[in-house]
Amino acid sequence: MGGPSIVRIGDAAPDFQARTTQGPVRLSDYRGRWLVLFSHPADFTPVCTSEFVALARAADRFAALDCALLGLSVDSLHAHLAWIDAIRARFGVTIPFPVIEDPTMAVGRAYGMLDAAARDSATVRATYFIDPAGVVRATTSYPVSTGRSVAEMLRLVAALQRAAVGDVLTPEGWEPGADIVLPTIATADDMAAAGPSWFCRITPDPQA
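Position numbers for residues count from 1 along each chain, tracking the sequence in the order it is written. Reporting in this predicted model follows two pLDDT cut-offs: at least 70 for local features of residues, and 80 or more for side-chain atom pairs to be given and counted; totals over whole chains, interfaces and linings ignore these cut-offs and use all residues. Side-chain numbers here rest on the full set of heavy atoms in the structure, without hydrogens or water.

**A few points about the pairing of strand S6 (residues 126–130)**
Most of S6 is tucked away, with five of its five residues classed as buried. The two faces of S6 match: Ala-126, Tyr-128 and Ile-130 on one face and Thr-127 and Phe-129 on the other face are all buried. Strands were regarded as paired on the criterion that DSSP finds at least two bridges between them. Strands here mean DSSP runs of E at least two residues long; helices mean DSSP runs of H or I at least four residues long; both are numbered from the N terminus. A loop of five residues connects S6 with strand S7 (residues 136–141), the two strands running antiparallel in sequence, and Gly-134 in this loop sits at a positive phi of about 85°. Each residue is assigned to one of three classes by its accessible area relative to the maximum for its type, calculated with a 1.4 Å probe on protein chains only: buried under 20%, partly exposed between the two thresholds, exposed over 50%.

**With respect to the side chain of Gln-161**
Here Gln-161 shows up in helix H5 (residues 150–164). What qualifies as a polar contact is a pair of N or O atoms within 3.5 Å, subject to a donor-acceptor requirement within protein and to the restriction that residues adjacent in sequence count only when both atoms come from side chains. One polar contact links the side chain of Gln-161 to the main-chain carbonyl oxygen of Leu-65, over a distance of 2.8 Å. What Gln-161 contacts, discounting residues up to four positions off in sequence, is Trp-34 and Leu-65. We call two residues contacting when some pair of their heavy atoms lies within 4.5 Å.

**Looking at helix H3 (residues 77–91)**
Given a helix with a known number of residues, its expected span is that number minus one, times 1.5 Å. Look at H3: 21 Å from first C-alpha to last across 15 residues, which is about the 21 Å you get at 1.5 Å a residue. Along H3, the residues that are buried comprise Leu-77, His-80, Trp-83, Ile-84 and Ile-87. Mapping the buried residues of H3 onto a view down its axis gives an arc of 120°, with all of them on the same face. Among the exposed residues of H3, those oriented more than 90 degrees off its buried face are His-78, Ala-89 and Arg-90. Considering only its buried residues, H3 is in contact with helix H1 (46–57), strand S4 (67–73) and strand S5 (99–101). Once H3 finishes, Gly-92 follows within two positions and takes phi at roughly 70°, a positive value. Arc definition: it is the arc formed by the directions from the helix axis to the C-beta atoms.

**Considerations on the nonpolar core**
Core analysis: the largest hydrophobic core is formed by 27 residues, its most contacted members being Val-36, Phe-52, Leu-55, Phe-62, Phe-97 and Phe-129. Per-element tally for this core: the top contributor is H5, with six residues. Side-chain atoms within 4.5 Å are what join buried Ala, Val, Leu, Ile, Met, Phe, Trp, Tyr and Cys residues into a set we call a nonpolar core. In terms of nonpolar packing, the next biggest core, distinct from the first, is built from 23 residues, Val-25, Leu-37, Met-113 and Tyr-128 among them.

**Comments concerning the pattern of salt bridges**
Salt bridges are defined as contacts in which a side-chain nitrogen from Lys or Arg sits within 4 Å of a carboxyl oxygen from Asp or Glu. If you walk through the whole model with that rule in mind, you get nine salt bridges. Between Arg-33 and Asp-66 there is a salt bridge, with its nearest N and O atoms 3.5 Å apart. Remark: Asp-66 occurs in the loop between helix H2 (59–64) and S4 and Arg-33 occurs in the loop between strand S2 (25–26) and strand S3 (34–39); sequence separation between them is 33 residues. Since its relative accessible area comes to 29%, Arg-33 is described here as partly exposed. Here Asp-66 falls in the partly exposed class, since its relative accessible area comes to 40%. A salt bridge links Arg-155 to Glu-152; the shortest N-O distance between them is 2.8 Å.

**Here we look at the domain arrangement of the protein chain**
For interface size, the figure often reported is the accessible area lost on association. Split into domains, the protein chain comes out as domain 1 (11–160) and domain 2 (166–207). For the domain bounds, the source is a domain assignment made automatically or taken from a database. A C-alpha centroid distance of 34 Å is found between domain 1 and domain 2.

**Thoughts on the pairing of S7**
Sheet topology note: the S6/S7 ladder contains five bridges and is antiparallel. Among the inter-strand pairings, Thr-127 is bridged to a residue of S7, identified as Thr-140.

**Regarding the UniProt feature "active site" (unreviewed entry) in the protein chain**
The feature "active site" (unreviewed entry), as given by UniProt, occupies Cys-48 in the numbering adopted here. Looking at where Cys-48 falls in the secondary structure, it is placed in helix H1. For Cys-48, a relative accessible area of 0% corresponds to the buried category. Once residues lying within four places of it in the same chain are set aside, the contact partners of Cys-48 are His-40, Pro-41, Ala-42, Trp-83 and Arg-125. UniProt positions are given in the numbering used here, feature names are shortened, and annotations may be inferred rather than shown by experiment.

Following this line, the structure appears as structure tokens:
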């Protein structure tokens, strides 16, 4: 028997169709724009609730990056609907993105969010950053005890987008408008021309 699938950076994101809080969704419907697909361990849990509130409040910032949000857990559609209604009542926040139900864990297993023998998703807090061509460009995975940083999710989307445009790299902590890094030099002549900075050429971003 084969082991569970693991979706890695550079892989095509597995397509699927599922019910969500906003109607049926197929992953390939998001082609042509960036997508953040994120799983959460369970509805009505405190860390997940804090993430959903923060993501809802940042939804306009993701939209400004032409990036959609798509949530997922094994809980039922009815549980999702009750949870987002409770969030609205408790925090005054409307969840603007769809939330997938995955009671059979088919999507979770297709992405390697779960072990093949897992009976629930209590340890899963996975995120997949998918480009407009449907390719996974980054992933993160957190334990049930620790919430993700929405600010870092936004920063990562922006950094991936910048690196995808032109032959540049983004250094530690890069934010839009900050200096970028040029690719590694590949020849001795180019190294000599670049001087002492040949191995780490930091330069102002021409798009800033």
